[in-house]
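# Residue-level structural notes
One letter stands for each residue in the lines below.
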2 protein chains.
Amino acid sequence: MNLKQLSAHLKLSQTTVSRALNGYPEVSEATRQRVMKAARDLQYSPNLRAKSLATGRTQAIGHVLPISKQHEMVNPIFGDFISGAGQTYSRAGYEIVISLVGDDDEEAAYRNIRMRGSVDGIIVHGPRMKDPRIPLLKELGLPFVVHGRASQIDTPYSWLDTNNLRAFTRATEFLLDLGHRRIGLVNGLEFMDFAHRRREGYTAALTARGLTADPALMRSGEMTEIYGFRSAQEMLAGSDTPTAFLVSSMIAALGVRRAIHDAGLEMGRDVSVITHDDDLGYLRNGHDVPIFTATRSSVRAAGTGAAEMLLKLIREPGHAPLTQMMEAELIIGTSTGPARR
Amino acid sequence: MNLKQLSAHLKLSQTTVSRALNGYPEVSEATRQRVMKAARDLQYSPNLRAKSLATGRTQAIGHVLPISKQHEMVNPIFGDFISGAGQTYSRAGYEIVISLVGDDDEEAAYRNIRMRGSVDGIIVHGPRMKDPRIPLLKELGLPFVVHGRASQIDTPYSWLDTNNLRAFTRATEFLLDLGHRRIGLVNGLEFMDFAHRRREGYTAALTARGLTADPALMRSGEMTEIYGFRSAQEMLAGSDTPTAFLVSSMIAALGVRRAIHDAGLEMGRDVSVITHDDDLGYLRNGHDVPIFTATRSSVRAAGTGAAEMLLKLIREPGHAPLTQMMEAELIIGTSTGPARR
DNA sequence: TTGAAAGCGCTACCAC
DNA sequence: GTGGTAGCGCTTTCAA
């Protein structure tokens, strides 16, 4: 069932039917009702491609996921982020288009997205420091919102970010307050902006107490379980071993926990662990030490927030860049305790 | 830059340029080269919406994610699956369109996808038992591949699935061989087909040894960490406590591990755990007991496989349904040991 | 081997 | 308040 058939059925012009369906004012209420009813009964649903071609708008948002040619893994938070964003989009009648872009042909990929004209705006994932995509997208004139930020980019752009600097500063301070002095940092790849900021927070907290960050206690890598395992194992094998770990991801933390266990140590007693973690709300009950977390629901909320920002930018071309900072939560857990040594 | 401009620039008709670009044979080689070069130089990239309108094909694949109105979480494996599928799509020039569909308005949602005509085919995620989407999609005549299967659907359809039945049978047998008799099952929601099959495997292995599955040792729920925690805590609080757990997801297993720890027990000695887990390959080194796993790379492979099946179905309309079974891996870990009691 | 022109389904301008 | 019609950018007959 297309517009032509529907309007023939109603004995009205396509123009009128189109207007009735799209809420234009110059249609009589009676006609509108009749059209709406027929559309429902006949299960009419407009061809979005044709609509897009006619209007120039596509009613679709692009989510561009950077995929490293080396590991090809998608950031596991993506599912939750898109679930949050999706609610906003579908309410507004937008589709979601995913593009996976390798790190080799980035510029061409973004130019293509622009030229193909299949999206009205873009959410940029996984920003790196000095990310070249930001000036590129500004040049292309496609509305975009960055999930995260890109340091050392001086022109303004729209972003929504978690306050990673502050989160890691607080987590480090917390461990220092518990008496820890040797704190291992198991961080993400530090050309990624979020990981860079996390390390900044970590070192800032140490420096504020007159301590210097020991390079032997810092690791940067793709956050897999084996990476967490190896990193913790190496640090625990040294002479002046850490009494606590600050871990940038739940997955890597799994490996860290395993390494602690294998070393014959007990979490929360011999070694403390603070990690971005998931669904730990239950630990509020009956335990008494904090764990730093980015919950799944906060990631969903970030998705919703970013989507709303982008839709606003699309609706109001020329609008000034929007920014939003989200604070991370601290909740209570058992993996963290006072330093023993 | 569009076709019109490009052909004007080349002083050729749109027809010829289009033919040259799309590999039609009736274009002279010289012309084709000239066109190709100009297209590259001028960064021409066809408007997919217009192409789609003209051809009837959309060059896009829909991935439909069921979202429960209660929890609204996306299955965490989705990211890896889409990453695998995406490689195949982009090589073939297809875009990915994501639709989030709540469990309330499913039929309408799928009909809409059909009518809007924005995809050439669909990957169905999260199939339930007797899933009504399968007959619906057959009726709609849209090519589709199910990631997983739907029990009690008798008409043939295309699917790609992990052998969950066999995986959980083997894992249970393995624990039984180690002397375990009280094995807790922390399973997913059992209206989901994969969870149903996993329980079947678990009970089949027990039955084959003359044991009966104890309802007190079986849990079914959405696989969050707190769910794993509570499930294990309850079972460990009983009188005849389990000596092993079979856990359907890594996230839930985190909670199970924590409950074991909180109960003052040690994993692999007092209580064994077998779980679908991630990146545990490193445990092959120096350890000696198996852990059942669905690795991230196997999920990627599933995505690739499903995408290839779907493209084949799209290219050859009327092709008979395709099916593919993937076997789960067993690798070596430390969480599992012989029964102590 | 190349080109002119119709048409995919819709919107939006201009008349009435 | 309603309708005719010219495109949106591309493919695909049909003719040359």
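Predicted model, so just to flag it, every value in this text is computed and none were measured. (Residues numbered from 1 in each chain as written. Chains lettered and ligands numbered in written order. Predicted model: local features only at pLDDT ≥ 70, side-chain atom pairs only at ≥ 80, totals over all residues. Heavy atoms only, no water.)

The subject of this paragraph is the UniProt feature "domain: HTH lacI-type" (unreviewed entry) in chain A. Listed under "domain: HTH lacI-type" (unreviewed entry) in the UniProt record, and renumbered for this structure, are residues 1-55 of chain A. Measuring from the first to the last C-alpha atom of residues 1-55 of chain A gives 20 Å, for a span that is 67% helix and 0% strand. (UniProt positions renumbered as here; feature names shortened; annotations may be inferred. Helix = DSSP H or I, 4+ residues; strand = E, 2+ residues; numbered from the N terminus.)

Once that is clear, we can look at the protein's contact with DNA strand D. What surrounds DNA strand D is a group of 27 residues, the closest being Thr16 and Arg19 of chain A together with Leu3, Ser18 and Tyr24 of chain B. Among atoms of DNA strand D positioned within 4 Å of the protein, sugar and phosphate together represent 58%. Within the side chain of Arg19 of chain A, a nitrogen or oxygen atom sits 2.8 Å from a base nitrogen of DNA strand D. Here a phosphate oxygen of DNA strand D and a backbone polar atom of Ser28 of chain A are 3.2 Å apart. At the level of elements, helix H2 (14-21) and helix H4 (48-55) of chain A together with helix H2 (14-21) and helix H4 (48-55) of chain B are the ones that each hand at least two residues to the surface near DNA strand D. Per-class residue counts for the surface near DNA strand D are 10 nonpolar, 12 polar and five charged. (Near = heavy atom within 4 Å. Polar contact = N/O pair within 3.5 Å; in protein donor to acceptor, adjacent residues only side chain to side chain. Nonpolar A, V, L, I, M, F, W, Y, C, P; charged D, E, K, R; others polar.)

Before going further, it helps to examine the sheet that holds strand S9 (residues 272-275) of chain A. All names here are of chain A. Read from one edge of the open sheet, four strands run S7-S6-S8-S9, paired in parallel fashion. In this open sheet, the two edge strands, each paired with only one partner strand, are strand S7 (218-220) and S9. Going across the sheet, the axis of each strand differs from the next one's by a mean of 15 degrees, ignoring polarity. Summarising the sheet, strand S6 (residues 183-187) and strand S8 (residues 244-247) pair through four bridges and their orientation is parallel. Looking at S8, one finds that Leu185 is bridged to Leu246. Against the sheet, helix H8 (residues 164-177) engages S6, S8 and S9, with an angle of about 170 degrees to S8. Contacting S6, S7 and S8, helix H10 (residues 225-237) crosses the sheet at an angle of about 155 degrees to S6. (Pairing = 2+ DSSP bridges. Axes fitted to C-alpha atoms, helices over the stretch in contact; angles between N-to-C directions. Contact = heavy atoms within 4.5 Å.)

Throughout the structure, instances matching the rule amount to two cavities of 30 Å³ or more. There is about 40 Å³ of room inside the largest cavity. What lines the largest cavity is Glu95 of chain A together with Gly62, His63, Val64, Val97, Ser99, Ile113, Arg116, Ser118 and Val119 of chain B. Broken down by secondary-structure element, the contributors of at least two residues to the lining of the largest cavity are strand S1 (60-67), strand S2 (95-102) and helix H6 (106-116) of chain B. In terms of residues, the lining of the largest cavity owes the most to one element, S1 of chain B, which gives three residues. Residues belonging to the lining of the largest cavity are distributed by class as follows: four nonpolar, four polar and two charged. Taken as a whole, the second largest cavity holds about 30 Å³ of empty space. As for the second largest cavity, its lining consists of Gly62, Val64, Val97, Ser99, Ile113, Arg116, Ser118 and Val119 of chain A together with Glu95 of chain B. When its residues are assigned to classes, the lining of the second largest cavity shows four nonpolar, three polar and two charged. (1 Å grid on protein atoms, 1.4 Å probe; cavity = no way out; pocket = protein on both sides within 12 Å on 5 of 7 lines; lining within 4 Å. Points joined across faces, edges and corners; volume = space filled by probe spheres on them.)

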